[in-house]
Amino acid sequence: MSKRRSGRAAVTGIGVVAPNGLRTDAYWKSVREGLGVLDLITREGCEHMPLRVAGEVRSFDPAALIEDRFLVQTDRFSHFAMAAAALALDDAGLGGEPADPYSVGVVTAAGSGGGEFGQRELQKLWGKGSKYVGPYQSIAWFYAASTGQISIRGGLKGPCGVVASDEAGGLDALAHAARAVRRGTDVMVVGAAEAPLAPYSMVCQLGYPELSTLDDPDRAYRPFTEKACGFVPAEGGALLVVEDEERARERGVPVRGVVAGHAATFTGASRWAESREGLAHAITGALDEAGVAPEEVDVVFADALGVPEADRAEALAIADALGAHGTRVPVTAPKTGFGRAYCGAPVLDTVAAMLAMEHGLVPPTPNVFDVCHDLDLVTQHARPAELRTALVLSRGLMGSNAALVVRRGDDSAR
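Keep in mind the model is a prediction, meaning the values are calculated, not measured. (Residues numbered from 1 in each chain as written. Predicted model: local features only at pLDDT ≥ 70, side-chain atom pairs only at ≥ 80, totals over all residues. Heavy atoms only, no water.)

1. Comments concerning the packing of aromatic side chains
Item 1. For the structure shown, the criterion picks out three aromatic pairs.
Item 2. Aromatic side chains Y27 and F338 sit 5.9 Å apart centroid to centroid with 75° between the ring planes, which places their arrangement in the edge-to-face category. Highlighted residues: Y27 in helix α1 (residues 24–33) and F338 in the loop between β11 (330–332) and α12 (344–359), separated in sequence by 311 residues.
Item 3. Exposure remark for F338: the relative accessible area of 2% places this residue in the buried category.
Item 4. Seen from their ring centres, F60 and F80 are 5.0 Å apart, and the 65° between their planes marks the pair as edge-to-face. Of this pair, F60 sits in the loop between β4 (53–54) and α2 (68–71) while F80 sits in helix α3 (residues 76–91), placing them 20 residues apart in sequence. Here the two residues F60 and F80 agree in accessibility, since each one is buried.
Item 5. Positioned above the aromatic ring of F231 is the side chain of R340, whose terminal nitrogen or guanidinium carbon lies 5.7 Å from the ring centre. (Phe/Tyr/Trp six-rings, centres within 6.5 Å; stacked < 30°, edge-to-face > 60°. Helix = DSSP H or I, 4+ residues; strand = E, 2+ residues; numbered from the N terminus. Buried < 20%, exposed > 50% of the residue type's maximum accessible area, 1.4 Å probe, protein only. Lys NZ or Arg CZ within 6 Å of the ring centre and 35° of its normal.)

2. Some words on a nonpolar patch on the surface
Item 1. Taken together, the side chains of W141, F142, Y143 and V162 present a nonpolar region at the surface, about 340 Å² in accessible area.
Item 2. Judged by its relative accessible area of 36%, W141 is partly exposed. (Patch = residues over 30% accessible without salt bridge, like charges linked within 9 Å, V, L, I, M, F, W, Y side chains within 5 Å. Areas by Shrake-Rupley, 256 points an atom, 1.4 Å probe, with all protein chains shown as cover. Salt bridge = Lys/Arg side-chain N within 4 Å of Asp/Glu carboxyl O.)

3. Some details on the pattern of salt bridges
Item 1. What the rule picks out here adds up to 24 salt bridges.
Item 2. The residue D216 makes a salt bridge to R219 at a minimum N-O spacing of 3.3 Å.
Item 3. Judged by its relative accessible area of 26%, D216 is partly exposed.
Item 4. Note that D320 and R276 form a salt bridge whose closest N and O atoms lie 2.7 Å from each other. Placement of D320 in helix α11 (residues 308–322) and of R276 in helix α10 (residues 272–290) is noted, with a sequence separation of 44 residues between them.
Item 5. Exposure remark for D320: the relative accessible area of 42% places this residue in the partly exposed category.

4. Quick notes on the nonpolar core
Item 1. Counting residues in each nonpolar core, the largest one holds 50 residues, and the members touching the most others are I283, V297, V300, L322, L391, L393 and V405.
Item 2. Per element, the largest residue contribution to this core is eight residues, and it comes from α10.
Item 3. Other than its neighbours up to four places away in sequence, L393 contacts L171, L279, I283, V300, F301, A302, D303, E314, I318, A402 and A403.
Item 4. Among the nonpolar cores identified, the runner-up in size contains 47 residues, and V16, A168, V259 and L404 belong to it. (Core = buried A, V, L, I, M, F, W, Y, C linked by side-chain atoms within 4.5 Å. Contact = heavy atoms within 4.5 Å.)

By themselves, these are just geometric observations and shouldn't be taken as functional.
This is the structure we're talking about:
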């Protein structure tokens, strides 16, 4: 633990493993160009599922990025997280063993855990017997597995934790890390990555009425339109390195963005009309913590569930919290091009927000054209804009709402 410094939590490293790009540059290129990568699901065992379209991470080779001793004891969701964490630490100039392992902590969010690993071992249990079940079944499926494995792999012994608070947990984890830094922890590795496309995981999701079951990738996920029919899930996510801004300046590394404010509320599962009030409260709370006036928000990265009632509630919540500015501020939802990765989704949105501020571009919302809500939704092409403050929104299927305010770093785009 170090002494308290500036109190501003700076993002200095980004690692991305997403359906539309591995590594930050590839992800941003796809996001800014509004590319759509949603497609029919190809995972074995999923051929006859009602869920037909998703965002798959298809070019990811875990064996090329992660040591065998970790691969055998971890699920795909942890493979994504470990790879993204290593990329983020390298981006922050903190790769390798830390000089003080107790100064670096880890916190991740998870919505479903290791479904693929768990399914495989349960099949062994029922098909062959208990002695054929591997010892890692007890840990690989667990929500906290990614936090633990990132910590062990990197020799990171600072404060660690896991946030299990619905999809919005991705933003809650970022807030948790920012507050740890303000309390004196030098560095936090934080984020979320999910792997919800194993057959067992998909069966669990089929109970969500908000899930889109269309088989046309271009039409399956179209929030804020009259033909909105639900959301499309995705794999992947992102991990960030968060540290005190003053410490980052002393190290001479670029600041990619500042986590300035956060707030969360709860309004109940599938109570989308009620989420209007809950999300508006979260937005107001995040702005208050950041010391930001509503009119200072330059761009909103929307939750964009794709359910008509939920989309209407979100549009109204933005107007309730931001006033007249809420109908004028650019709004975007890049995830319509690659899917909604549960807890990983708002972290990927946060990455997109920081990159948008670096490059002065609001990315478009793929596959969306006929907007039916009073929003300035950016569609078709990226929009040049001077961006200093971004608002990222997230809601969970079980009723969590969260808002995060991110400020631009002072460094030039790269």
